[in-house]
Amino acid sequence: MHATHENGTRQREAQAWQSALDQALAAHGGEAALAYYPHVANAFPSSAPNPYAPEFPLLDLHELKSWAIHRGWHVRPAPERAHDNNRYRNPPLRFSRQPVRGWKSH
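Here we summarise the structure given alongside this text. Since the model is a prediction, treat every value here as computed from it, not as a measurement.

**Some remarks on helix α3 (residues 61–70)**
Thought 1: Residues of α3 that are buried include every one of Leu-64, Trp-67 and Ala-68, and no others. Buried residues in α3, looked at end-on, bunch into an arc of 100°, giving them a common side. Turned more than 90 degrees away from the buried face of α3 sit His-62 and His-70, all of them exposed.

The structure is reproduced here in structure tokens:
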């Protein structure tokens, strides 16, 4: 019972982080946006422990990519935008808008 309560709490916390990320991306007017790894990892936590930074969860990149595509974004790590010590362990993530596909008239 205790584990189920903890899982429910973690799921609610992840949903709150996802909602905040969704709102930030919706309010963003540009074609690309950056997000800090810890913020996104809290929204899409992996079940595996984070060996590099135990203070926040490891990112479930597959779940994040699926969520982003559904909302019209591509997402990928942006190690070139990280501080040197975070380049490979927890780089920022770049969200780029997917091109809008219009209907072709025949």
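**Considerations on the pairing of strand β3 (residues 93–97)**
Thought 1: Inspection of the sheet shows strand β1 (residues 32–35) paired to β3 by four bridges, in the antiparallel sense. Bridge assignment links Leu-34 to a residue of β3, and that residue is Arg-94.
Thought 2: With five bridges connecting them, strand β2 (residues 73–77) and β3 associate as antiparallel partners. Residue pairing across strands places Pro-77 opposite Leu-93, the latter belonging to β3.

**Some thoughts on the pattern of salt bridges**
Thought 1: Going through the model one piece at a time under the given rule, you end up with two salt bridges.
Thought 2: Between Asp-22 and Arg-71 there is a salt bridge, with its nearest N and O atoms 3.3 Å apart. With Asp-22 in helix α1 (residues 2–27) and Arg-71 in the loop between α3 and β2, the pair connects residues that are 49 residues apart, well separated along the chain.
Thought 3: Classification of Asp-22 as partly exposed rests on a relative accessible area of 31%.
Thought 4: Given a relative accessible area of 34%, Arg-71 falls into the partly exposed group.

**Re the packing of aromatic side chains**
Here the distance between the centres and the angle between the planes together describe a pair of aromatic rings.
Thought 1: Tallied over the entire structure, the rule returns three aromatic pairs.
Thought 2: Judged by centre distance (5.7 Å) and plane angle (55°), the rings of Tyr-37 and Phe-56 are tilted. Separated by 19 residues along the polypeptide, Tyr-37 in helix α2 (residues 37–43) and Phe-56 in the loop between α2 and α3 bring together distant segments of the chain. Taken as a pair, Tyr-37 and Phe-56 share a single burial class, namely buried.
Thought 3: On the basis of an interplanar angle of 85° and a centroid distance of 6.3 Å, the ring pair of Trp-73 and Phe-95 is categorised as edge-to-face. Of the two residues, Trp-73 is situated in strand β2 and Phe-95 in strand β3; the sequence distance between them amounts to 22 residues. For the pair Trp-73 and Phe-95, one class covers both residues: buried.

**Describing the sheet that holds β1**
Thought 1: Pairing is antiparallel across the open sheet formed by three strands, whose spatial order is β1-β3-β2. The sheet terminates laterally at β1 and β2, the two strands that pair on one side only. Recorded for the sheet is a direction-independent mean angle of 25° between the axes of neighbouring strands.

**Digging into the nonpolar core**
Thought 1: Counting residues in hydrophobic clusters, the biggest one holds 19 residues, and the most contacted among them are Val-40, Leu-64 and Phe-95.
Thought 2: Counting only elements with at least two residues in this core, the list comes to α1, β1, α2, α3, β2 and β3.
Thought 3: No other element matches the four residues that α2 contributes to this core.

Calculation criteria
Residues numbered from 1 in each chain as written. Predicted model: local features only at pLDDT ≥ 70, side-chain atom pairs only at ≥ 80, totals over all residues. Heavy atoms only, no water. Buried < 20%, exposed > 50% of the residue type's maximum accessible area, 1.4 Å probe, protein only. Helix = DSSP H or I, 4+ residues; strand = E, 2+ residues; numbered from the N terminus. Arc of directions from axis to C-beta. Pairing = 2+ DSSP bridges. Salt bridge = Lys/Arg side-chain N within 4 Å of Asp/Glu carboxyl O. Phe/Tyr/Trp six-rings, centres within 6.5 Å; stacked < 30°, edge-to-face > 60°. Axes fitted to C-alpha atoms, helices over the stretch in contact; angles between N-to-C directions. Core = buried A, V, L, I, M, F, W, Y, C linked by side-chain atoms within 4.5 Å.

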